[in-house]
Amino acid sequence: MTRDPISTTNRTRGADQVWPNFLVIGAPKSGTTSLYHYLSQHRDVFLSKVRKEGRFFSGVGDGSVYWPDFYHFDTAPDVSDYQALFADYEGEARIGDVSPDYYAYAPIAARRILTYCGSATKIIAILRNPVDRTWSHYLQNVRRDAEFYSFEKALADEPRRIAANWGFQWLYADTGRYAGRLREYRDRFSDMLVLLQDELDQDGPGTVRRIFDFLEIDADVPVTVEARYNTGGIPRSKMSVLDGAHDHRDGVSFETLHAELVAPVSGVSGATSADGVYPPIDDSKVSIPPMNAATRARLQAQFEPEIVALEDLLGRSLDQWRAS
């Protein structure tokens, strides 16, 4: 097994403690679950088998953000909880954690990663066209019985959710603001690789080899990258949400809506868990409906300054994200 000198720094806070020396920070709905599966295949990479996302450095486990009670979201609120995720570590050169909340809460997570893991930690971000990412984020919540408003109403409701400190899982457009969050990492870590989901889609093997090169491990280890994980789409039974069937329920809590609309039908009291490592979706049971054209145009205009800011940060063109 290849050993990397950097891996010796992951026990600095205690003889029995293991800390990541690389992190995949997101963004959400940009291919992080697929990367978890692909990177896990390398003999020199350790990623927790307990769950994909450690969720320690973002602080989401401290109870400071609003998360609807029915939507299960395991966190690691303290060091002992986080260390339990690394119980199976066997000396692999690269120790990772794939957690999109580290992107979503970058001002908190970047500082804590620096404190616990050190400045040599390698940071990997993967980004997606922000308009498409916002739509996919919303559809995921609808599929998981965690959003009850139409897309347009949910977007209009976002300022209220931000003011009420809702979890990023319900902040669809805000979570697509990349440049400011990435700058939190660029200012603290010298080794940051920023990928695009477009690159993963167009050349999966080549993109994974780039990651292995970045991690300074054998880039020629064979990895299967054909499958995509945690992909989008909703079943036909959820289409009424997109059509605004519940938009008139202003002021009704998500917990109440879930209890009325979901639990009696499904027989469960909680939404599909946000935890675990998702298998590929059965495409025969879901579809990805098109976004309303006017909404897409409005989002494209809204995100244009964000795209420009990201181009300046990365020093590359992102014209593929602009409307044709």
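Position labels on residues start from 1 in each chain and follow its written sequence. Local features in this predicted model are restricted to residues whose pLDDT is 70 or higher, and side-chain atom pairs enter the listing and the counts only when it is 80 or higher, whereas totals over whole chains, interfaces and linings include all residues. Hydrogen atoms and water are omitted, and side-chain values are computed over all heavy atoms in the structure.

A. Focus on the packing of helix H6 (residues 151-163) against helix H13 (residues 293-314). Working convention: axes come from line fits to C-alpha atoms, limited for helices to the stretch in contact. Angles between N-to-C directions cover 0 to 180 degrees. Helix and strand labels come from DSSP, where a helix needs a run of H or I of at least four residues and a strand needs a run of E of at least two; each type is numbered from the N terminus. Relative orientation of the contacting elements H6 and H13 amounts to 30°, with a least axis distance of 11 Å. The orientation of H6 with respect to H13, classified from their angle, is roughly parallel. Here Phe151, Glu152 and Leu155 of H6 come into contact with H13, specifically with Thr295, Arg298 and Leu299. The residue inventory of the contact of H6 with H13, partitioned by class, reads three nonpolar, one polar and two charged. Angle categories: roughly parallel below 35 degrees, roughly antiparallel above 145, roughly perpendicular from 65 to 115, and oblique for all the rest. The contact criterion used throughout is that any non-hydrogen atoms of two residues lie within 4.5 Å. Gly falls in the polar group here, along with every residue not listed as nonpolar (Ala, Val, Leu, Ile, Met, Phe, Trp, Tyr, Cys, Pro) or charged (Asp, Glu, Lys, Arg).

B. Main features of the environment of phenylalanine 151. Tracing the backbone shows phenylalanine 151 in helix H6. On a C-alpha basis, the gap between phenylalanine 151 and aspartate 243 in space is 8.7 Å, while along the polypeptide they are 92 residues apart. If we ignore the near neighbours within four places in the chain, the residues touching phenylalanine 151 are Thr134, Trp135, Tyr138, Met291, Thr295 and Leu299.

C. Looking closely at the pattern of salt bridges. Salt bridge criterion: a side-chain nitrogen from Lys or Arg within 4 Å of a carboxyl oxygen from Asp or Glu. Overall, the coordinates contain 23 salt bridges when judged by the stated rule. For arginine 177, the salt bridge identified is with glutamate 306, shortest N-O distance 3.5 Å. Here arginine 177 is found in the loop between H6 and helix H7 (178-186), whereas its partner glutamate 306 is found in helix H13, with 129 residues between them in sequence. Note on exposure labels: buried denotes an accessible area under 20% of the residue type's maximum, exposed denotes more than 50%, and partly exposed covers the range between, all computed with a 1.4 Å probe on protein chains only. Overall, the relative accessible area of 30% leaves arginine 177 in the partly exposed class. In this structure, a network of salt bridges that share partners links the residues Arg94, Lys122, Asp191 and Glu216.

D. Quick look at the nonpolar core. For this analysis, a nonpolar core means a set of buried residues of the types Ala, Val, Leu, Ile, Met, Phe, Trp, Tyr and Cys, connected via side-chain atoms within 4.5 Å. Among the nonpolar cores identified, the biggest contains 72 residues, and Phe57, Tyr102, Tyr138 and Tyr185 are the most heavily contacted of them. With six residues, helix H4 (residues 106-117) is the largest single contributor of residues to this core. Not counting chain neighbours up to four residues away, the residues in contact with tyrosine 185 comprise Ile25, Tyr102, Tyr103, Ala106, Ala109, Ala110, Ile113, Ile123 and Met192. Core analysis: the next-biggest nonpolar cluster, separate from the first, contains 23 residues, Tyr38, Leu195, Phe212 and Leu215 among them.

E. The arrangement of H7 in detail. Residues of H7 that are buried: Tyr178, Ala179, Arg181, Leu182 and Tyr185. Seen along its axis, H7 keeps its buried residues to an arc of 165°; they face one direction. As used here, the arc is the angular range of directions from the helix axis to the C-beta atoms.

F. Structural view of empty space enclosed by the protein. Cavities and pockets were defined on a 1 Å grid built over protein atoms only: a cavity is a set of grid points that admits a 1.4 Å probe from which the probe cannot escape, a pocket is an open set flanked by protein on both sides within 12 Å along at least five of seven lines, and lining residues are those with an atom within 4 Å of any such point. Grid points are joined across faces, edges and corners, and a volume is the space filled by probe spheres set on the points. Counted according to the given criterion, the structure contains two cavities of 30 Å³ or more. Of the voids in this model, the largest cavity is the one considered here, and its volume is about 50 Å³. For the largest cavity, the full set of lining residues is Leu47, Ser48, Arg51, Lys52, Glu53, Gly54, Tyr82, Leu85, Phe86, Gly96, Asp97 and Val98. Ranked by residue count, the leading element in the lining of the largest cavity is strand E3 (residues 94-98), at three residues. Each residue belonging to the lining of the largest cavity can be placed in one class, and the counts come to five nonpolar, three polar and four charged. Considering only enclosed or pocket space, the second largest cavity measures out at about 30 Å³ in volume. Contributing to the lining of the second largest cavity are Pro130, Gly176, Tyr178, Ala179, Glu306, Ile307, Leu310 and Trp321.

G. Structural context of H6. Expected span of a helix: the number of residues minus one, times 1.5 Å. In this model, H6 (13 residues) spans 19 Å end to end at C-alpha, consistent with the 18 Å of a helix rising 1.5 Å per residue. Regarding H6, the residues found buried are Phe151, Lys153, Ala154, Leu155, Asp157, Glu158 and Arg161.

H. Seen up close, the side chain of threonine 175. Tracing the backbone shows threonine 175 in the loop between H6 and H7. The residues contacting threonine 175, other than those within four sequence positions of it, are Pro28, Tyr103, Arg133, His137, Phe168 and Arg181.

I. Molecular detail of the sheet that holds strand E1 (residues 22-26). Pairs of strands are assigned from DSSP output, requiring at least two bridges between the strands. Ordered in space as E2-E3-E1-E4-E5, the five strands form an open sheet in which the pairing is parallel. The sheet is open, and its two borders are formed by strand E2 (45-47) and strand E5 (192-196), each paired with just one other strand. Geometrically, the sheet is characterised by an average inter-axis angle of 25° between neighbouring strands, direction not taken into account. By the bridge criterion, three bridges tie E2 to E3 in an arrangement that is parallel. Bridged to leucine 47 within E3 is glycine 96. In this fold helix H1 (residues 32-39) packs onto E1, E2, E3 and strand E4 (122-127), with an angle of close to 155° to the strand it touches most, E1.

From the geometry alone we can't say anything about function, so treat these as descriptive.
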